[in-house]
Amino acid sequence: MSDKAVEHLNEADARAELARLSAVLADANRAYHTLDAPEISDAEYDALKRRNAAIEARFPALIREDSPSRQVGAPVADGFGKIAHQVRMLSLENAFDDADVADFDDRVRKYLNHSGVLAYTAEPKIDGLSLSLRYEHGQLVQAATRGDGEVGENVTDNARTIADIPHSLHGAPEVLEVRGEVYMSHADFAALNQRQAQAGDKTFANPRNAAAGSLRQLDTRITASRPLRFFAYGWGVVSDPLAATQFDAIARLAALGFQTNPLTVRCEGPDAMLAQYRAIEAQRASLGYDIDGVVYKVNDLALQARLGFRSATPRWAIAHKFPAELAWTELLGIDIQVGRTGALSPVARLRPVTVGGVVVSNATLHNEDYIAGRDAKGQPIRGGKDIRVGDWVQVYRAGDVIPKVADVDLDRRKIDAQPYVFPHECPECGSPAIREQGDAVRRCTGGLICPAQAVERLRHFVSRHAFDIEGLGAKQIEMFFHDADLPVKTPADIFTLASRDAANGLKRLKNRDGFGETSAAKLFAAIEARRSIPLDRLLFALGIRHVGEVAAQILARHYSTWQAFEAAVTHATPGTAEWNDLLSIDGVGQTLAESLTAAFQNAAERAAIDALVAQLEVQPVVWKAASDSPVAGKTVVFTGTLEKMTRAEAKARAEALGAKVAGSVSAKTDLLVAGPGAGSKAKEAARLGVTTIDEDGWLALIGAT
Ligand code: IVH
């Protein structure tokens, strides 16, 4: 399509061509600026940019969010080395009001079975970016950004230029990873932006962006010229414990030479925590740097260790966020986006407005009930006021999430404003869009025939926690989806790309604008590298509703191999042994089971999955024996009352030792831990000859007595 004259393009062609140009130009930019290895000539580059501009001039409505004409300067480099964090860098659960904080304290005490008042630390949540600093024998040897929490970027050279970060420590443990936040003060941010503007360089939207942009510079001299600061608030690997409490550990970091936040205090229970929250909130405007809430952490480190982690957040900490910032603006239109599972999501197109330092032009409107002014139960929200195109609406941002619409000003509503009619047909494929009972969301029923769903599924398929194919991101997927010579319509098509390309003669990828021999070969190699894939990643990548990363992992651990999984979900219907086995998995409920089996028992879906798997080598997932503990790899069921620990703690501990915890007893159960009051499960275990022990027996077995 790339050779068709602009004036001969129809709208669909133009949309596809803009997608292609955006991908091609982004790659060319990356090759030029970041890799210092241009793949196309300056003249070719300019011609592509002109073509993009000409199409945009003819079809202004199709201008993309990521259009090359909107891009200023070079993309941020991704040329840093990668560092795997030995201790994951997690995020925090959020609390938005006093009740959430009280709930947090209740949950913690319940988990620990602690009846008295519990001590916490409270400290400001710094709005910057987190950094992990590794010291060995007192010398700074490595600095890594958080990245996805498991793997971050190596920014050691840049971190060394930050004055708050000591290069050497005296009296520190042999190995010590200090974690904290890199940030920029308001005054430094204003001065930096002024310098940038004077030099004709890009200015930053807020101090957080400025800090992130400054730390992630490939040229260390640029980082050195930026006024970055660092507060230490935690640690990763430590060869000797820093202290017995969070508060003392932070004091120890301060004694070692780190800046720690002076507003960190110890609080006894939720009332004291909330008092400190208000005290910090009152000082927020005069601190001189951005904070977006208060973080509470269980003070006793032994209790922190007992509490442990959920999949992405610690159980022992929570971030109490400050109320979001608000602004009024005009609602220009409502677009409907169709997601991976067919969900029709209304998006507000807004007259751009600055909210908390960031320009906002889109906001989510959630679903049709939200627009109509009612909640999922049919109760009025916003006093029952609906939202209409042309209305003045109040938007807010809370954290990094998509902006939301909070309120509407009826006094400014135009006389002829019409109630919004939510479509009952998919705007992308025309299939009926229906709402199932109890579902707030209207969904397109087109499945794989809906191009929007197909593209979103492909995007999900190649995303970071799924197949993560280097060089095949969302943009490239969109380009290949619309490509006439080398189309990718389903995941299986990705793995036949190279062989199909080989048969394309002159139209081969390497001969295209923006591709070239090396980048085409690199792409094919990256795809090839993912032909062998662990079962859990594959299950997540399929994008089946309700099968997120955690569920995919649970399923993969249970079935171990693709063959076992596939046989089970093909035959599982209510009443069968396969169905009962599926539901016996701890973490698998009715909804997930129904969604999973429906996908595998639907002919079209199944054909697409089978075609994909035929291309792959699926690696079995072996339940990781987390330790040499006697319960590693064993399936354990808890029943009855546990007296020394709560059920949640018992489960988390067992899993940390490499055991699988199941919800019901079956022939696969290795061990039943039965407390007083055990009933049918104990009987079933006796019938099946499953070893049964009591709580003390369990504690002795895991060496916890
Ligand atoms: S503790 C295991 N304390 O907030 C939890 N985080 O939403 C480690 N942050 O990624 C985090 N100030 O970048 C902690 N006083 C503070 C913080 C803080 C800012 C950031 C940090 C983290 C994010 C979590």
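How each quantity is defined
- Residues numbered from 1 in each chain as written.
- Predicted model: local features only at pLDDT ≥ 70, side-chain atom pairs only at ≥ 80, totals over all residues.
- Heavy atoms only, no water.
- Helix = DSSP H or I, 4+ residues; strand = E, 2+ residues; numbered from the N terminus.
- Rg over C-alpha atoms; globule rule 2.2 N^0.38 Å.
- Buried < 20%, exposed > 50% of the residue type's maximum accessible area, 1.4 Å probe, protein only.
- Contact = heavy atoms within 4.5 Å.
- Areas by Shrake-Rupley, 256 points an atom, 1.4 Å probe, with all protein chains shown as cover.
- Disulfide = S-S within 2.5 Å.
- Arc of directions from axis to C-beta.
- Near = heavy atom within 4 Å.
- Polar contact = N/O pair within 3.5 Å; in protein donor to acceptor, adjacent residues only side chain to side chain.
- Pairing = 2+ DSSP bridges.
- Axes fitted to C-alpha atoms, helices over the stretch in contact; angles between N-to-C directions.
- Parallel < 35°, antiparallel > 145°, perpendicular 65-115°, else oblique.
- Left-handed = near helix turned anticlockwise from the far one by under 90°.
- Nonpolar A, V, L, I, M, F, W, Y, C, P; charged D, E, K, R; others polar.
- Salt bridge = Lys/Arg side-chain N within 4 Å of Asp/Glu carboxyl O.
- Core = buried A, V, L, I, M, F, W, Y, C linked by side-chain atoms within 4.5 Å.
- Phe/Tyr/Trp six-rings, centres within 6.5 Å; stacked < 30°, edge-to-face > 60°.
- Lys NZ or Arg CZ within 6 Å of the ring centre and 35° of its normal.

Trainee: Explanation requested: the overall build of the protein chain in the structure shown.
Mentor: Scanning the protein chain from N- to C-terminus turns up 25 helices and 24 strands. The C-alpha atoms of the protein chain give a radius of gyration of 28 Å, which matches the 27 Å a tight globule of 705 residues would have. In terms of principal-axis extent, the alpha carbons of the protein chain reach across some 80 × 65 × 60 Å. Taking all 705 residues of the protein chain together, 47% fall into the buried category. When contacts within the protein chain are restricted to residue pairs at least 6 apart in sequence, those whose partners lie at least 24 apart make up 66%. Here the protein chain displays about 32,900 Å² of accessible surface, and carbon together with sulfur accounts for 51% of that area.

Trainee: In this structure, what is going on with the state of the cysteines? I would like to understand it.
Mentor: Taken as a whole and assessed by the stated rule, the structure comprises zero disulfides. Distance from the sulfur of Cys444, which forms no disulfide, to the nearest cysteine sulfur (Cys429) is 3.6 Å. A relative accessible area of 6% means that Cys444 is categorised as buried.

Trainee: Can you help me understand helix H19 (residues 562–571) in this one?
Mentor: An α-helical turn contains 3.6 residues, so any two residues separated by three or four positions project in the same direction. Residues Trp562, Phe565, Ala568 and Val569 constitute the buried set of H19. One side of H19 carries all its buried residues, which in axial view fall inside an arc of 140°. Considering only its buried residues, H19 is in contact with helix H17 (535–541), helix H18 (549–559), helix H20 (577–584), helix H21 (590–600), helix H22 (603–614) and strand S20 (617–619).

Trainee: What's the story with the site of the ligand in this structure? I'm lost.
Mentor: Neighbouring the ligand are 14 residues; Glu123, Ile126, Glu181, Tyr233 and Lys297 lie closest to it. In this structure, Lys125 approaches the ligand through a side-chain N or O atom, which is 3.2 Å from an oxygen atom. Taking 520 Å² as the accessible area of the ligand by itself, protein coverage stands at 87%. Top contributing element to the shell around the ligand by residue count: strand S3 (residues 119–126), with four residues.

Trainee: What is the right way to read the environment of Gln453 from this model?
Mentor: Here Gln453 is to be found in helix H12 (residues 451–461). In the structure, Gln453 is positioned 113 residues away from Arg340 in sequence and 4.7 Å away in space, judged by C-alpha atoms.

Trainee: When you look at the sheet that holds strand S10 (residues 291–298) in this model, what are you seeing that I'm missing?
Mentor: Backbone-to-backbone hydrogen bonds join strands into a sheet, with any given pair of strands oriented parallel or antiparallel. The five strands are arranged S2-S11-S10-S3-S9 in an open sheet whose pairing can be described as mixed. Of all strands in the sheet, those with a lone pairing partner are strand S2 (94–95) and strand S9 (265–268), marking the two edges. Two strands pair when backbone bridges link them, and S3 and S9 are joined in this way by four bridges, in the antiparallel orientation. If you follow Thr121 over to S9, its bridge partner there is Arg266. Taken strand by strand, helix H3 (residues 98–112) contacts S2, S3, S10 and strand S11 (317–321), and its axis lies near 175° from that of S11. The strands touched by helix H9 (residues 269–283) are S3, S9, S10 and S11; relative to S9, the strand with the most contacts, the crossing angle is about 140°.

Trainee: I would appreciate a short explanation of the packing of H3 against H9 in the present structure.
Mentor: In a pair of packed helices, the angle between the axes and the distance between the axes together describe the arrangement. Here H3 crosses H9 at 140°, and the two axes come no closer than 10 Å. Our classification of the angle between H3 and H9 gives oblique. The hand of the H3/H9 crossing is right-handed. Contacts between H3 and H9 involve Asp98, Val101, Phe104 and Asp105 on the former and, on the latter, Pro270, Met273, Leu274 and Arg278. Its residues assigned to classes, the contact of H3 with H9 shows five nonpolar, no polar and three charged.

Trainee: Got a minute to help me understand the sheet that holds strand S23 (residues 671–674) in this structure?
Mentor: If you trace the four strands from one edge of the open sheet to the other, you get S22-S21-S23-S24, paired in parallel fashion. Where the open sheet ends on each side, the last strands, each with one partner, are strand S22 (660–662) and strand S24 (691–693). Each strand of the sheet is rotated relative to its neighbour by a mean of 30°, with strand direction disregarded. Of the pairings in the sheet, the one linking S23 to S24 comprises three bridges and is parallel in character. Looking at the pairing, Val673 lines up with Ile693 of S24.

Trainee: When you look at the environment of Gly138 in this model, what are you seeing that I'm missing?
Mentor: Its place among the elements puts Gly138 in the loop between strand S4 (129–136) and strand S5 (139–145). Beyond its immediate chain neighbours, meaning those up to four positions away, Gly138 contacts His167, Ser168, Leu169 and Glu174.

Trainee: Honestly, the pattern of salt bridges in this entry has me stumped. Any pointers?
Mentor: Pairing is possible between side chains that carry opposite charge, provided their charged atoms lie close to one another. This structure, assessed with the given rule, holds 49 salt bridges. In this structure, Glu17 and Arg51 form a salt bridge, with 2.8 Å as the shortest nitrogen-oxygen distance. Here Arg51 lies in helix H2 (residues 42–58) and Glu17 lies in helix H1 (residues 11–34), a separation of 34 residues in the sequence. Summarising the burial analysis for this pair, Glu17 and Arg51 share the class buried. Between Arg530 and Asp468 there is a salt bridge, and its shortest N-O distance comes to 3.9 Å. Here the residue Arg530 occupies a position in the loop between helix H16 (516–529) and strand S19 (532–534), and Asp468 occupies one in the loop between H12 and helix H13 (474–481), the gap between them amounting to 62 residues. Residue class for Arg530 comes out partly exposed when judged on its relative accessible area of 25%. One salt-bridge network, held together by shared partners, links Glu368, Asp369, Arg374, Arg435 and Arg442.

Trainee: Explanation requested: the nonpolar core in the structure shown.
Mentor: Nonpolar side chains tend toward joint burial in soluble globular proteins. Formed by 74 residues in total, the largest nonpolar core has its most connected members in Phe480, Ile494, Leu538, Leu555, Trp562, Leu596 and Phe600. With seven residues, the single largest contributor to this core is H1. The residues contacting Phe480, other than those within four sequence positions of it, are Leu472, Leu486, Pro487, Val488, Leu497, Leu509, Phe515 and Leu523. Residues Leu140, Ala143, Ile162 and Leu253 belong to the second largest nonpolar core, which totals 33 residues.

Trainee: I keep staring at the side chain of His460 and nothing clicks. Help me out?
Mentor: Tracing the sequence through the fold places His460 in helix H12. Given a relative accessible area of 12%, His460 falls into the buried group.

Trainee: Please explain the packing of aromatic side chains as it appears in this structure.
Mentor: In this description, a pair of aromatic rings is defined by centroid distance and the angle of the planes. Per the stated rule, a full pass over the model turns up 16 aromatic pairs. Note on Tyr277 and Phe322: the rings are 5.4 Å apart at their centroids and 40° apart in plane angle, and the pair reads as tilted. Taken together, the positions of Tyr277 in helix H9 and Phe322 in the loop between S11 and strand S12 (325–338) put the pair 45 residues apart, joining distant regions of the chain. The pair Tyr277 / Phe322 is uniform in exposure class, with both members buried. Here the aromatic rings of Tyr420 and Phe422 are separated by 6.3 Å at their centres, their planes lie at 85°, and the arrangement is edge-to-face. Taking relative accessible area as the criterion, Tyr420 reaches 25% and is therefore assigned partly exposed. The ring of Tyr370 carries Arg382 above its face, with NZ or CZ at 4.7 Å from the centroid. The lysine or arginine in question, Arg412, covers the ring of Trp392, its NZ or CZ lying 3.8 Å from the ring centre.

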